[in-house]
Amino acid sequence: MAHSSKLKKTAAGLLGTLIAASSIPVSGIGMTASAAGDPNYYEALAMSLYFFDSNACGTDITDGPLTWRGDCHTYDANASVGSLDGSLKSVVDPDGDGMVDVSGGWHDAGDHIKFNLTIGFGASSLAMSEYLNEGIYKKAGCRDHLEYEMRWAADYLMKTTFLDSSGNVAAIAHVVANGDVDHSIWTAPEVQTYDRPIYWLTAGKNNSAVCGEMAAGLAGAAYILKDNDPTYAEKCLTYAKALVDFGKKNKGNEGGGLSNFYPTDSMCEDEFALAEAWLWINGAGSKPTLTPNSGQYSGIYDYHVYSWDKVWQGYAALMYKATGDKVFSQELEFELNNQGGLKEGTYNANGWGASRYNCAKQMNAYMIADGDPNSSFAKGAKYQLDFILGNNSRGYSYLLGFGDKWPTHIHHRAANPGGEGITSAQNPEAIYTNYGMLVGGEDSSGNYEDHADRYQFTEGALDYNGCFAIACASAANLYGGDASAIKALEASASELNENFQFGGGSVIVDPVEYKVAIKVVDKETGELLPGAELSMERQKSYGETVVWNTADENPKTIQVTDGAWEIESPSEYTLTLKALPDGYTSDKTSWTFKDFISGESTINFNIELTKADEPEYTLVPDKTEVKVGETITVGIGGWDRPTRDWNVSVDSENVTISQETPISFAVTIEKAGTYDIKVTFPGGVTKTVQLKAVNADRLWGDADCDGKVFLNDAVLIMQAIGNPDAYGVNGSEATHITAEGKINADVFEYGSDLTNQDALQIQKYLLHLINSLNPDELK
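Residues numbered from 1 in each chain as written. Predicted model: local features only at pLDDT ≥ 70, side-chain atom pairs only at ≥ 80, totals over all residues. Heavy atoms only, no water.

Draft legend 1. Representation of the overall build of the protein. Across its full length, the protein holds 23 helices and 27 strands. Across the 779 residues in the protein, those meeting the buried criterion constitute 52%. Summarising the internal contacts of the protein: among those between residues at least 6 apart in sequence, 68% fall at separations of at least 24. Within the structure as shown, the protein displays about 32,900 Å² of accessible surface, and the carbon and sulfur contribution to it stands at 47%. (Helix = DSSP H or I, 4+ residues; strand = E, 2+ residues; numbered from the N terminus. Buried < 20%, exposed > 50% of the residue type's maximum accessible area, 1.4 Å probe, protein only. Contact = heavy atoms within 4.5 Å. Areas by Shrake-Rupley, 256 points an atom, 1.4 Å probe, with all protein chains shown as cover.)

Draft legend 2. View of the sheet that holds strand E24 (residues 655-661). The strand order across the open sheet built from four strands is E20-E22-E25-E24, with neighbouring strands paired in antiparallel fashion. Looking along the sheet, the strands with just one partner apiece sit at the ends: strand E20 (618-621) and E24. Sheet twist, expressed as the mean angle between neighbouring strand axes with direction ignored, is 25 degrees. Pairing analysis gives five bridges linking E24 to strand E25 (residues 664-669), with the strands arranged antiparallel. (Pairing = 2+ DSSP bridges. Axes fitted to C-alpha atoms, helices over the stretch in contact; angles between N-to-C directions.)

Draft legend 3. View of the pairing of E20. Here E20 shows a buried face lined by Leu-619 and Pro-621 and an unburied face lined by Thr-618 and Val-620. Of the strand pairs in this sheet, E20 and strand E22 (residues 631-637) are connected by four bridges, and their pairing is antiparallel. Directly across from Val-620, in E22, lies its bridge partner Gly-635.

Draft legend 4. Representation of the environment of Val-191 in the model. Mapped onto the secondary structure, Val-191 falls in the loop between helix H8 (179-183) and strand E6 (198-201). For Val-191, a relative accessible area of 28% gives the class partly exposed. It is 8.4 Å that separates the C-alpha atoms of Val-191 and His-73, two residues lying 118 residues apart in sequence.

Draft legend 5. Quick look at the sheet that holds strand E8 (residues 296-297). Taken together, three strands build an open sheet; the order of strands is E7-E8-E9 and the sheet is antiparallel. Looking at strand neighbours, the two that pair on one side only are strand E7 (292-293) and strand E9 (300-301), the edges of this open sheet.

Draft legend 6. Examining the pattern of salt bridges more closely. One pass over the full model with this rule turns up 19 salt bridges. Across the salt bridge formed by Lys-114 and Asp-76, the nearest N and O atoms sit 3.0 Å from each other. Here Asp-76 lies in the loop between helix H3 (50-54) and strand E1 (79-80) and Lys-114 lies in strand E3 (residues 114-115), a separation of 38 residues in the sequence. The same class applies to Lys-114 and to Asp-76, which are both buried. With a closest N to O distance of 2.9 Å, Arg-143 and Glu-147 form a salt bridge. With Arg-143 and Glu-147 both in helix H7 (residues 143-159), this residue pair falls four residues apart, about one helical turn. For Arg-143, a relative accessible area of 23% puts it in the partly exposed group. (Salt bridge = Lys/Arg side-chain N within 4 Å of Asp/Glu carboxyl O.)

Draft legend 7. Structural view of the nonpolar core. Counting residues in hydrophobic clusters, the biggest one holds 166 residues, and the most contacted among them are Trp-200 and Trp-278. Looking at this core, the element that brings in the most residues is helix H9 (residues 208-225), giving twelve residues. In this view, Trp-200 contacts Val-81, Leu-84, Val-92, Val-100, Phe-162, Ala-171, Ile-172, Ala-173, His-174 and Lys-205; residues no more than four positions away in its chain are not counted. Val-626, Ile-632, Val-679 and Phe-681 belong to the second-largest nonpolar core, a separate cluster that totals 21 residues. (Core = buried A, V, L, I, M, F, W, Y, C linked by side-chain atoms within 4.5 Å.)

Draft legend 8. Representation of the packing of helix H15 (residues 376-388) against helix H17 (residues 462-479) within the structure. H17 packs onto H15 with a crossing angle of 120 degrees between their chain directions and a minimal axis gap of 10 Å. Of the possible angle classes, the one that applies to H15 and H17 is oblique. Pair H15 / H17 crosses with left-handed handedness. Facing Ala-378, Lys-379, Lys-382 and Leu-385 of H15, the residues of H17 in contact are Phe-468, Ala-471, Cys-472, Ala-475, Leu-478 and Tyr-479. (Parallel < 35°, antiparallel > 145°, perpendicular 65-115°, else oblique. Left-handed = near helix turned anticlockwise from the far one by under 90°.)

Draft legend 9. Structural view of H7. For H7, with 17 residues, the first-to-last C-alpha span of 24 Å sits near the 24 Å given by 1.5 Å per residue. Burial within H7 is extensive, with twelve of its 17 residues counted as buried. Residues His-145, Leu-146, Glu-147, Tyr-148, Glu-149, Met-150, Trp-152, Ala-153, Ala-154, Tyr-156, Leu-157 and Met-158 constitute the buried set of H7. (Expected span 1.5 Å × (residues − 1).)

Draft legend 10. Highlighting a nonpolar patch on the surface. On the surface, a cluster of nonpolar side chains totalling about 420 Å² of accessible area is made up of Phe-710, Leu-711, Val-715, Tyr-765 and Leu-766. Mapped onto the elements of the fold, Leu-711 is located in helix H19 (residues 711-722). (Patch = residues over 30% accessible without salt bridge, like charges linked within 9 Å, V, L, I, M, F, W, Y side chains within 5 Å.)

Draft legend 11. Main features of unusual backbone geometry. One non-glycine residue with positive phi stands out, namely Asp-60, at about 65 degrees. Position of Asp-60 relative to the elements: it lies in the loop between H3 and E1. The residue Gln-659 is not glycine, and still its phi comes out positive at about 50 degrees. Relative to the helices and strands, Gln-659 resides in strand E24. Under the relative-accessibility criterion, Gln-659 is labelled exposed at 52%.

Draft legend 12. Up close: the confidence of the model for the protein. Looking at the protein, pLDDT values average 84 and 84% of them are 70 or higher. Ignoring residues within four places in sequence, the model shows residues 504-515, a span with pLDDT below 50, making 44 contacts including any to other chains. Scored below 50 in pLDDT, residues 593-602 shows 24 contacts in the model against residues more than four places distant or in partner chains. (pLDDT = per-residue confidence, 0-100.)

Draft legend 13. Region of the structure containing the side chain of Ser-424. Looking at the element boundaries, Ser-424 is found in the loop between H15 and helix H16 (455-458). Among residues more than four places away in sequence, those in contact with Ser-424 are Trp-186, His-411, His-451, Ala-452 and Asp-453.

Draft legend 14. A look at the environment of Phe-710. Secondary-structure assignment places Phe-710 in the loop between strand E27 (686-694) and H19. Its relative accessible area of 43% is what places Phe-710 among the partly exposed residues. Apart from residues lying up to four places away in sequence, Phe-710 is in contact with Ile-762 and Leu-766.

Draft legend 15. Representation of the packing of helix H12 (residues 312-323) against helix H14 (residues 354-369) in the model. Here H12 crosses H14 at 25 degrees, and the two axes come no closer than 10 Å. In terms of their interaxial angle, H12 and H14 are classed as roughly parallel. The element H12 and its partner H14 pack so that their crossing is left-handed. From H12, Gln-313, Gly-314, Ala-317, Tyr-320 and Lys-321 reach across to H14, where they touch Met-363, Asn-364 and Met-367. Considered class by class, the residues forming the contact of H12 with H14 number four nonpolar, three polar and one charged. (Nonpolar A, V, L, I, M, F, W, Y, C, P; charged D, E, K, R; others polar.)

Draft legend 16. Structural view of helix H2 (residues 41-48). Most of H2 is tucked away: eight of the eight residues are buried. Those residues of H2 that sit buried are Tyr-41, Tyr-42, Glu-43, Ala-44, Leu-45, Ala-46, Met-47 and Ser-48. Those residues of H2 hidden inside the fold are in contact with H3, helix H6 (136-139), H7, H15, H17 and helix H18 (484-492). Where H2 starts, the residue carrying a side-chain oxygen 3.3 Å from the main-chain nitrogen of Tyr-42 turns out to be Asn-40. (Polar contact = N/O pair within 3.5 Å; in protein donor to acceptor, adjacent residues only side chain to side chain.)

Draft legend 17. The arrangement of the packing of aromatic side chains in detail. What the rule picks out here adds up to 33 aromatic pairs. Seen in terms of ring centroids, Tyr-396 and Tyr-398 are 6.2 Å apart; in terms of plane orientation they differ by 75 degrees. Their pairing is edge-to-face. An angle of 80 degrees between the planes, with centres 5.8 Å apart, marks the rings of Tyr-396 and Tyr-448 as edge-to-face. Residue Tyr-396 is found in the loop between H15 and H16, and its partner Tyr-448 is found in the loop between H15 and H16; the two are separated by 52 residues along the sequence. The pair formed by Tyr-396 and Tyr-448 is uniform in burial state, with each residue classed as buried. Three or more aromatic residues joined by ring pairs form one cluster here, namely Tyr-50, Tyr-148, Trp-152, Phe-500 and Phe-502. Positioned above the aromatic ring of Tyr-232, the side-chain terminus of Arg-151 is 4.3 Å from the ring centre. A cation over an aromatic ring shows up here: Lys-382 above the ring of Tyr-479, its NZ or CZ 5.5 Å from the ring centre. (Phe/Tyr/Trp six-rings, centres within 6.5 Å; stacked < 30°, edge-to-face > 60°. Lys NZ or Arg CZ within 6 Å of the ring centre and 35° of its normal.)

Next comes the structure, spelled out in structure tokens:
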């Protein structure tokens, strides 16, 4: 059904009893796609984060991001320890009261069970969506919301992992609630009181795949949170490493509380590979060594789409992004082809809850496209996402709340609690629009039923939205969107709490003006130095960055338009030297000022720089003569910076530069000839290396490149030597020698310039005085 608009609610939350008692269906607010015709990918990405809020469990939910959700299952804070042996009980229950706090976390799907397996997968996938598309959540205007969700998941994963005094994992509360009991109750979580037992993992009864997924989620959270809260990120990494060690040391596939819903298998190498890739990316582990080849990783079988129990393709995507090694993108292409591929005009729907698997395949396609929006892989993936977002024969967006029509009879107890005696079997219409929830959507036959009890079509889950985040972030990164749309929705949709601040502890302030007089000077002479780039930004700021591109003796008046300031530190600023003037160095690059802003006062500050020693750079190619089509690496000798602040240039379309790292780049030459590759370093220093490309089947002596060796080849050599303006490589005559012909003609003392001796050797060859023109045989 189409949804009509309604007024914004003023209440910040609803009591669970009112939720359960209400039987009035409430429609959602229609938001249209972007004017350009494409869906608004920024809006869809930002909206999708609200699903995780809809599945939040514990406290701090009332008055949170969603007006219709409230605190629930708070008694998980006093859960029974159950049957653990004495030594483990002393770790998880040190006061011996038989209770343990496992409150918090996310419900798994439309039910209210908590599985650490899918919480870890969801968190890792969210982190991956940002890592593969760096900065996309900031562009979409929801970076603070992403960080909020990552911390929510990480808090719970660490809370339910119990470390002993040595920092080793003793036990893990990996499932909370009996799934069969939970599924028999169709009510909102806020009113539920049923017993929710803990299912434990221990050294003798472990599930290694769960350990790996949890570790990946925590290490992914560390990556997202490391800049704003490095101490918390380090804590996440400590737990992640402990979980990997525990899972590897105590291999197992314990299924208690889990196997009826998520039957993991004994293969756990993929989960550990993904976790270790995240640890390496965070600088907390060594580089993983497993590499793929046609569906196998060092002999370990795969062939399965990225999902809650098979994460090889997530590992390949991370490693390709981190290393640029084509072996990983080639594997993703191999897997995608095995899974039916993604093409424009055809929706690839396979498996239960098909939309999640389709989104996982989109990840492969976008990685293969490698940033090219016109790639057939990117276009094929875009078609799939557009289909999910409403460009289909039903006109349904399977991301709830997006577009102007979406499913309303959904399998989600919190948003669709039914009423007295009403369960999913009676197909109630949802009371609330669960904005951002991805449902299963159409199956492989094109079937779809908008029915609360057809949960293969109408349910969502953590892994669904985790996969959607990767696909949507990738599309948003390539095709853009409008970040203002989600703000408009938050202001108008009654289900969303527009006043909630995801950053916490912040207040809105008016723009502030202050004056800063900063000079960048030569330390010895005091001379002003142009060319420095400085930035001024408030720590933990959501506002703009102020940039000076040159030194200025006079104070500058700067207007800071912060959206929010942290109460704890409203006036702490950092001045950062972002770029040095050519030929200068500094032993310090940042300065912090407290109480920086004070009315109209002017701050005077000098940055003193010293002249740098002239660097000695060298270009070191694997070899200087290459075959056409061959790729070689050119190393940068003398470069010791962690960033690539130099530029490569070559005046020919026949040369491709790729795989640039801080200390090397790759060169591929597609046509025979001699080419100068120039690298320009900071300060204007340039270095050049000359590479010669030859055809593998070169005909020696063929100066005019006609496929034969005759006297006219010797004549052309003499003409090129005697009259280069007319017959040289860049000569004016139509029959001038080409770069390829010059290489073919260089038969005498190969590598030197052409001489009369080259022409003489061709004449000797034609008179049968010598048997070959190959320079190696003429030596």
